[in-house]
Amino acid sequence: MGSCSPDDGDLIGSPPDLVIPDEVADAVRTLIRWTGDDPDREGLLDTPGRVARAWKEYGAGYADDPSLHLSRTFDEVGGYDEIILLRDIPFHSHCEHHLAPIIGKAAIAYLPGDKVVGISKLARVLHGYARRLQVQERLTAQVADCIWDHLNPKGVAVVIEASHACMTARGVRTPGVMMTTSRMMGVFREDERSRKEVLALMGY
Ligand SMILES: Nc1nc2c(ncn2[C@@H]2O[C@H](COP(=O)(O)OP(=O)(O)OP(=O)(O)O)[C@@H](O)[C@H]2O)c(=O)[nH]1
Ligand SMILES: [Zn+2]
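Residues numbered from 1 in each chain as written. Chains lettered and ligands numbered in written order. Predicted model: local features only at pLDDT ≥ 70, side-chain atom pairs only at ≥ 80, totals over all residues.

Undergrad: Before we move on, could you go through the UniProt feature "domain: GTP cyclohydrolase I" (unreviewed entry) in the chain and cite the residues and values that matter?
TA: The positions that UniProt labels "domain: GTP cyclohydrolase I" (unreviewed entry) are, in the present scheme, residues 25-202. As a span, residues 25-202 carries 39% helix and 26% strand, and end to end its C-alpha atoms are 43 Å apart. (UniProt positions renumbered as here; feature names shortened; annotations may be inferred. Helix = DSSP H or I, 4+ residues; strand = E, 2+ residues; numbered from the N terminus.)

Quick look at the structure:
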């Protein structure tokens, strides 16, 4: 099974030697001005650099190929042939409409075919797609499709629940609203009993 070494696809922090182009810092200064504040006041002087580094982190998924996390599989599972599920996986993303935070949790399940993968890898796939500009529907589909395409399972089920700051903090300003999306593939799509079983295991 794969190790959890820090360079094993981790997407934490921006590189210490990250060079921030002037145009990026200038764009942040412009945005600060647009917000109504003064980018030259003391508290905001280092903000363009911080924001630029933060966005490299929010977008770390662009440098990640999530399918690579599923390349190390193993088939010695003692005859186990039931659902494998990770639930309550926290994640954050940003909506592509307003660049506002999307904060939520995912449940990812599959019914293995002839191979399984280390469980942390399912969360890595989620983060690889979440750390991009997203809509929740696409994020859900990408995670499910990636597992379907690379693990050759009998079924995949992904359910994502998330809160969108573009709805809670601006626009319609409706706090507490959660959006739920799901994608069912293979037996979870075709067989009612299997779908009910996986949704029950997920807590729905
Ligand atoms: N379907 C979907 N919609 C999203 C997602 N993230 C944000 N949105 C919504 O996409 C819509 C964009 O609508 P627009 O009318 O173009 O933008 P807007 O004028 O800012 O809309 P309001 O948010 O209603 O003020 C908004 O209703 C957002 O809440 C997402 O992941 N999926
Ligand atoms: Zn939005």
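Undergrad: Account for the packing of helix α3 (residues 120-130) against helix α4 (residues 136-151), with residues named and values stated.
TA: Interhelical geometry of α3 versus α4 gives an angle of 140° and a closest axis separation of 9 Å. Regarding the angle of α3 to α4, the classification is oblique. The two elements α3 and α4 cross, and the hand of that crossing is right-handed. Residues V125, L126, Y129 and A130 of α3 lie in contact with α4, whose contacting residues are L139, Q142, V143, C146 and I147. (Axes fitted to C-alpha atoms, helices over the stretch in contact; angles between N-to-C directions. Parallel < 35°, antiparallel > 145°, perpendicular 65-115°, else oblique. Left-handed = near helix turned anticlockwise from the far one by under 90°. Contact = placed C-beta atoms within 7 Å.)

Undergrad: Please give an account of the site of ligand 1 that cites residues and values.
TA: Ligand 1 sits among C95, H97, V135, Q136, E137, H164, C166, M167, G171 and V172. Of all elements in the fold, only α4 and α5 (165-168) reach the threshold of two or more residues within the shell around ligand 1. Per-class residue counts for the shell around ligand 1 are five nonpolar, four polar and one charged. (Near = placed C-beta within 6 Å. Nonpolar A, V, L, I, M, F, W, Y, C, P; charged D, E, K, R; others polar.)

Undergrad: Could you give me a rundown of the packing of helix α1 (residues 22-35) against helix α2 (residues 47-58), with the residues and numbers involved?
TA: With their axes 9 Å apart at the nearest point, α1 and α2 run at an angle of 110° to one another. The angle between α1 and α2 places the two elements in the roughly perpendicular class. Judged by the twist between their axes, the crossing of α1 over α2 is right-handed. Every residue of α2 that contacts α1 at V24, A25, V28, R29 and I32 is listed here: T47, P48, G49, V51 and A52. Here the contact of α1 with α2 is built from residues that sort into seven nonpolar, two polar and one charged.

Undergrad: Explain the UniProt feature "binding site: Zn(2+)" (unreviewed entry) in the chain to me, using residue names and the numbers behind them.
TA: Sites flagged by UniProt as "binding site: Zn(2+)" (unreviewed entry) map to C95, H98 and C166. In three dimensions, the annotated residues from a span of 72 residues occupy one location, with a maximal C-alpha spread of 7.8 Å. Secondary-structure assignment places C95 in strand β2 (residues 84-95). Residue classification places C95 among the partly exposed residues on the basis of 18 C-beta atoms within 10 Å. In this fold, H98 is placed in the loop between β2 and β3 (101-111). (Buried ≥ 20, exposed ≤ 12 C-beta atoms within 10 Å, placed from the backbone.)

Undergrad: Account for the environment of Q142, with residues named and values stated.
TA: Examined against the element boundaries, Q142 turns out to sit in helix α4. Considered as a pair, Q142 and A130 are twelve residues apart in the sequence and their alpha carbons are 9.6 Å apart.

Undergrad: An account of the sheet that holds β3 is requested, with residue identities and associated values reported.
TA: With mixed pairing, the five strands of this open sheet are ordered in space as β5-β2-β3-β6-β7. Strands with a single pairing partner mark the edges of an open sheet, and in this sheet they are β5 (133-134) and β7 (179-186). Pairing of β2 with β5 involves two bridges; the strand directions are parallel. Each residue of the ladder has a partner; that of C95, found in β5, is Q134. Sitting on the sheet, α3 touches β2, β3 and β5, and the angle it makes with β2 is about 15°. (Pairing = 2+ DSSP bridges.)

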